[in-house]
Amino acid sequence: MTTVVSKDLQLKLNEAIGLSCEISEDAFGVLNMELPVNQIFGVVLFLYRDEEFGFNFLTDICGVHYPQLKGRELCVVYHLQSMQRRCRLRIKVYVPLEKPEIPTLCGIYGSANWMERETYDFYGIQFVGHPNLRRILNMDEMTEFPMRKEFPLEDPNREDKMDYQFGR
Amino acid sequence: MKTNQEFLAGLEERHKPEIPYTTLNLGPTHPATHGIFQNVLQMDGERIVSGEQTIGYIHRAFEKIAERRPFYQITPLTDRLNYCSAPINNMGWHLTVEKLLGVQVPKRVDYMRVMVMELARVADHIICNSILGVDTGALTGFTYVYQWREFIYEIYEEICGARLTTNMGRIGGFERDFNQIVFEKTRKFLKEFPPAWREFENLLSRNRIFMDRTIDTGALSLERALNYGFTGPNLRACGVDYDLRAIEPYCSYQDFDFDIPVGTTGDTYDRFVVRNEEIWQSLRIIEQAMSRIESMEPVYHADADHYYLPPKQEVYRNMEALIYHFKIIMGEIEAPEGEVYTAVEGANGELGFYLISDGGRTPYRLHFRRPCFIYYQAFPEMVKDQLLSDAIVVMSSLNVIAGELDA
């Protein structure tokens, strides 16, 4: 599907906004990019408006929690899509657990609204500027963010599924 | 000092009655919402001024559960996303895992999958369009075509033993080959369903009442639809031939000959017509797939011993098979590290699976990109300044499935 060479996009981003990030292409034709928090809005807006690439479609937003990465525990993964160039782009933004703030994309994509609410609901990531950042799937009274790794699904003291019982 | 006239004008302004908007709860358990979600509508008489939705009533934390399950045991979770077309979800998940594991499936398996997925799409569209008829007051068409959905379920039953939550397929192929009854029933379906569906179309598509209720109802421009992340028939009704089967083929869809129907205005009627047309195209694909499957060597799974479950008969007799069966079911097989995004053309849009594996037995993170969840947020904009009865048909034609919406 990828008809855009990642080099082209990288060159363009370098020239246009002086961005020095690396765009790599994975084995399945999806472009990968990592951005600092303060650049996400500007870069996505540029990609959205750009006539050559035109990433006019936001496929998906989701969060990931990496407790072992200190200072960048929470990750927001954006999947953008360019329909005219038939290309997918995955952007990752890492934020610290103490200050999980990231600018919202609601002003660019209408679809970002609920996806960001879902990410907030599950991970507690604050989307700054979001018009209605409330829980969406869980109940409003809930105080935890259930998809974080410190909330195990089963009773951790349960002993019928320990590793040694399976020879591990 | 105000003049008399100014004072009077201000008086009028001060005593202007507030517009008495009525707050109306459409749902959570209203028969016309087809699922448990609430729409809080502000009504001016019968006109909708604004609306807001509350969802999550059947949220079951699929993504969290998936983090604790080996890959095989996630298939039953996907069944319950869009339960009207469960096999598409199953195949989408298997494709994702196969991509991660690097399993190559034979052509015949691809065609078998295509056949099953298109049957599922037909079943889903039958439900959506016939229920749209019911929501406009035409019960006849629904009772007439619904038996064909049951017939498709009978075909599923022959393939895998289940009807609704099929849990169909395996990583690397199918559990067993299609038996002869599958082909007989599908052939019967291909022969007897088209006249019935033609009759259903005739009943509704030129029906005065149906047209009045659906044309120009809930229309969304192409720009707004793209901005709202529409995919599937809802986007194609706006006039874009965006179909993952064609632009990003999976399961050898590129070998098939089919058209992508598009609409023009993106209103409820167009969505109805696009779904109708898609059924005809799906029937074409099923026919092609059937003839290819029957003429090929009977292989029905990939040659991937470490990931494909051994057949049950061997498990009973062969020690190696028993061990592999146990290891695979208990999730002993570790997946390579990596991340995969796979999207399939679900019956109501792009169904995506974003899987991050850290080399363990379970996914580190699994995210479902559910089409319903993403486009249902456009509902208030689509029904703004329309009547309450229009909201019913718009919601029906969007094909919002509660299981997929809440995940």
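Residues numbered from 1 in each chain as written. Chains lettered and ligands numbered in written order. Predicted model: local features only at pLDDT ≥ 70, side-chain atom pairs only at ≥ 80, totals over all residues. Heavy atoms only, no water.

**Some thoughts on a nonpolar patch on the surface**
Phase 1: Taken together, M319, L322 and I323 of chain B make up a surface patch of nonpolar side chains, about 270 Å² in accessible area.
Phase 2: Among the structural elements, M319 of chain B can be located in helix α14 (residues 319-329). (Patch = residues over 30% accessible without salt bridge, like charges linked within 9 Å, V, L, I, M, F, W, Y side chains within 5 Å. Areas by Shrake-Rupley, 256 points an atom, 1.4 Å probe, with all protein chains shown as cover. Salt bridge = Lys/Arg side-chain N within 4 Å of Asp/Glu carboxyl O. Helix = DSSP H or I, 4+ residues; strand = E, 2+ residues; numbered from the N terminus.)

**Overview of the interface of chain B and chain A**
Phase 1: In this assembly, 43 residues from chain B lie in contact with 50 residues from chain A.
Phase 2: Overall, the association of chain B and chain A removes approximately 4000 Å² of surface from exposure, summing both partners, and the carbon and sulfur fraction of that is 57%.
Phase 3: At the boundary of chain B and chain A, one finds 7 salt bridges.
Phase 4: E52 of chain B is the partner of R134 of chain A in a salt bridge, and the nearest nitrogen-oxygen pair spans 2.7 Å.
Phase 5: The tally of links between chain B and chain A comes to 22 residue pairs in polar contact (both at pLDDT 80 or more).
Phase 6: Examining the composition of the side of chain B that touches chain A, we find that 4 residues originate from one element, strand β4 (residues 337-346) of chain B, more than from any other.
Phase 7: Tallied by class, the residues present in the side of chain B that touches chain A amount to 20 nonpolar, 8 polar and 15 charged. (Contact = heavy atoms within 4.5 Å. Buried area = accessible area lost by both parts, 1.4 Å probe. Polar contact = N/O pair within 3.5 Å; in protein donor to acceptor, adjacent residues only side chain to side chain. Nonpolar A, V, L, I, M, F, W, Y, C, P; charged D, E, K, R; others polar.)

**Some thoughts on the packing of aromatic side chains**
All names here are of chain B.
Phase 1: Applying the stated criterion to the full structure yields 32 aromatic pairs over all chains.
Phase 2: Taken together through their ring pairs, the aromatic side chains of W148, F151, F189, F193, W197, F200, F210, Y269 and F272 make up a single cluster.
Phase 3: Positioned above the aromatic ring of Y253, the side-chain terminus of R245 is 6.0 Å from the ring centre.
Phase 4: In this structure, R292 packs its charged tip against the face of F256, placed 4.8 Å from the ring centre. (Phe/Tyr/Trp six-rings, centres within 6.5 Å; stacked < 30°, edge-to-face > 60°. Lys NZ or Arg CZ within 6 Å of the ring centre and 35° of its normal.)

**Concerning the environment of I328 of chain B**
Residue and element names in this part refer to chain B.
Phase 1: Here I328 shows up in helix α14.
Phase 2: Put simply, I328 and Y308 are 20 residues apart on the chain and 8.1 Å apart in space, counted from C-alpha to C-alpha.
Phase 3: Each residue touching I328, except ones within four places of it in the same chain, is listed here: Y72, D305, H306, Y307, Y308, L309, P310 and I333.

**A short note on the state of the cysteines**
Residues and elements named next belong to chain B.
Phase 1: Taken as a whole, this structure holds 0 disulfides over all chains when the rule is applied.
Phase 2: Residue C128 stays outside any disulfide, its sulfur separated by 8.7 Å from that of C84, the closest cysteine.
Phase 3: According to the relative accessible area criterion, C128 is buried, its value standing at 4%.
Phase 4: In this structure C372 is not part of a disulfide, and its nearest cysteine sulfur, from C84, lies 9.2 Å away. (Disulfide = S-S within 2.5 Å. Buried < 20%, exposed > 50% of the residue type's maximum accessible area, 1.4 Å probe, protein only.)

**Quick word on the confidence of the model for chain A**
Phase 1: Averaged over all residues, the pLDDT of chain A is 86; the fraction at 70 or higher stands at 93%.
Phase 2: Looking over chain A, one finds the lowest element-wise mean pLDDT in helix α1 (residues 6-17) of chain A, namely 75, and the highest in strand β6 (residues 101-103) of chain A, namely 94. (pLDDT = per-residue confidence, 0-100.)

**Digging into the packing of helix α5 (residues 107-135) of chain B against helix α7 (residues 180-205) of chain B**
Residue and element names in this part refer to chain B.
Phase 1: At a closest axis distance of 12 Å, the pairing of α5 and α7 adopts a crossing angle of 25°. Accordingly, the angle class assigned to the pair α5 and α7 is roughly parallel. As α5 runs across α7, the sense of the crossing is left-handed. When α5 is examined against α7, the residues M115, L119, V122, H125, I126, N129, S130 and G133 are found in contact with a partner set consisting of V182, T186, F189, F193, W197, F200 and L204.
Phase 2: A class-by-class count of the residues in the contact of α5 with α7 yields 10 nonpolar, 5 polar and no charged. (Axes fitted to C-alpha atoms, helices over the stretch in contact; angles between N-to-C directions. Parallel < 35°, antiparallel > 145°, perpendicular 65-115°, else oblique. Left-handed = near helix turned anticlockwise from the far one by under 90°.)

**A closer look at helix α3 (residues 112-123) of chain A**
Residues and elements named next belong to chain A.
Phase 1: An ideal rise of 1.5 Å per residue puts 16 Å on 12 residues; α3 measures up with 16 Å between its terminal C-alpha atoms.
Phase 2: Buried residues dominate α3, accounting for 11 of its 12 residues.
Phase 3: Those residues of α3 not exposed but buried are A112, W114, M115, E116, R117, E118, T119, Y120, D121, F122 and Y123. (Expected span 1.5 Å × (residues − 1).)

**Topic: the sheet that holds strand β3 (residues 47-54) of chain B**
Residues and elements named next belong to chain B.
Phase 1: Taken together, the 3 strands give an open sheet; going across it, the order is β1-β2-β3, and neighbouring strands pair in antiparallel fashion. Of all the strands in the sheet, the pair left with one neighbour each is β1 (22-26) and β3. Averaged over all pairs of adjacent strands, the angle between their axes in this sheet comes to 25°, without regard to strand direction.
Phase 2: Of the strand pairs in this sheet, β1 and strand β2 (residues 38-44) are connected by 5 bridges, and their pairing is antiparallel. Residue pairing in the sheet places T23 in a bridge with Q42 of β2. (Pairing = 2+ DSSP bridges.)

**Regarding the sheet that holds strand β6 (residues 365-369) of chain B**
All names here are of chain B.
Phase 1: An order of β4-β5-β6 is seen for the 3 strands of this open sheet, with the pairing classed as antiparallel. What marks the edges here is a single partner per strand, and that holds for β4 and β6. Ignoring strand direction, the axes of neighbouring strands in this sheet form an average angle of 10°.
Phase 2: Here 10 bridges tie β4 to strand β5 (residues 349-358), and the two strands are oriented antiparallel to one another. Bridge assignment links T342 to a residue of β5, and that residue is F353.

**A word on α5 of chain B**
All names here are of chain B.
Phase 1: Helix length check: α5, at 29 residues, gives a terminal C-alpha distance of 42 Å against a target of 42 Å (1.5 Å per residue), a fit within 8%.
Phase 2: Of all 29 residues that make up α5, 27 are buried, and the element is covered over most of its length.
Phase 3: At the C-terminal side of α5, G137 shows a positive phi close to 100°.

**Concerning the pairing of β5 of chain B**
Residues and elements named next belong to chain B.
Phase 1: When you tally the buried positions in β5, you get 9 out of 10 residues, the bulk of the element.
Phase 2: Across 5 bridges, the pairing between β5 and β6 is antiparallel. In the sheet register, G352 faces β6, and the bridge partner there is R369.
Phase 3: What sits between β5 and β6 in their antiparallel hairpin is a turn of 6 residues, with G359 showing a positive phi close to 90°.

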